[in-house]
Amino acid sequence: MGQKVNPIANRLGIIKGWDSNWFGGNNYGDKLVEDFKIREYLNARLAKASISKIIIERTLKLITITVHTSRPGIIIGKGGQEVDKLKEELKKITNKEVQINIFEIKRPELDAKIVAVNIARQIEGKIAYRRATKMAIASTMRMGAQGIKVQVSGRLNGAEMARSEMYKDGRTPLHTLRADIDYALAEALTKTGLLGVKVWICKGEIYGKRDLSPNVGQKPEGRRPNEGAPKGGGFKKKRK
């Protein structure tokens, strides 16, 4: 079971929260499609900003988008100009008021999405997949992760037949629901075809309750990026 189920979906409602927080009502499908369009647009528009995840919350007339990134300066721009541009562009897509919050990830080596995309971009840049993978594993373990597992699949080194190779370090207990495991899939487009890069990172185990939707109801921080994640990987509300 642990090999077949997405580790984040497997932990939803236990130690992981949802990336979309809203009540569907009668037009659930329309909101779902709108969320998909927002994420697709932001991932394409901010491809160089090392985006980890995009959390969307809705009220009647306002959509609050929280972008988790390791390079907030690229999104904010000079004096917040880029954020204002993004707001206007997203207003055209959604026809609603949009508010953008930026959340800085202090330790990108512990974020599965950023690690996977980094490996994929290196493979596209003709760096040997083994070298890229081993360097990523070493830097993640150096930052204090309990374990990491990376699988690269496809026509490796331009081979005639596709195969999968997996590299591990430390422990990644997929069946342990209290284990805080981050998972991501990225794709590398090479001359010989598409390679898939899967990354699992274990950041430790979580005991007790956890706030599953820490951004809901939070007041906007303005244009400055919020504080990064505390140890244990969870995002907590700031106390006033």
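So, a few notes on the structure that sits alongside this text. Computed from a predicted model, the values in this text were never measured in an experiment. (Residues numbered from 1 in each chain as written. Predicted model: local features only at pLDDT ≥ 70, side-chain atom pairs only at ≥ 80, totals over all residues. Heavy atoms only, no water.)

Here's the deal with the overall build of the protein chain
Okay, so step 1: Across its full length, the protein chain carries 6 helices and 8 strands.
Okay, so step 2: Each helix (α) and strand (β) of the protein chain, taken in turn from the N terminus, gives the series α-β-α-β-β-α-α-β-α-α-β-β-β-β.
Okay, so step 3: Residues classed as buried in the protein chain amount to 42% of the 240 residues present.
Okay, so step 4: Taking the intrachain contacts of the protein chain between residues at least 6 apart in sequence as the baseline, contacts between residues at least 24 apart amount to 64%. (Helix = DSSP H or I, 4+ residues; strand = E, 2+ residues; numbered from the N terminus. Buried < 20%, exposed > 50% of the residue type's maximum accessible area, 1.4 Å probe, protein only. Contact = heavy atoms within 4.5 Å.)

Re helix α6 (residues 129–142)
Okay, so step 1: The first and last C-alpha atoms of α6 sit 20 Å apart over 14 residues, in line with the 20 Å expected at 1.5 Å per residue.
Okay, so step 2: Of the positions making up α6, those classed as buried are Tyr129, Ala132, Thr133, Ala136, Ile137, Ser139 and Thr140.
Okay, so step 3: Residues of α6 that are buried sit in contact with α5 (112–124), β5 (147–154), β6 (163–170) and β8 (193–205). (Expected span 1.5 Å × (residues − 1).)

So, the environment of Lys209
Okay, so step 1: Note on placement: Lys209 falls in the segment after β8.
Okay, so step 2: Take Lys209: its relative accessible area is 88%, and that puts it in the exposed class.
Okay, so step 3: For the pair Lys209 and Ile15, spaced 194 residues apart in sequence, the C-alpha to C-alpha distance is 7.8 Å.

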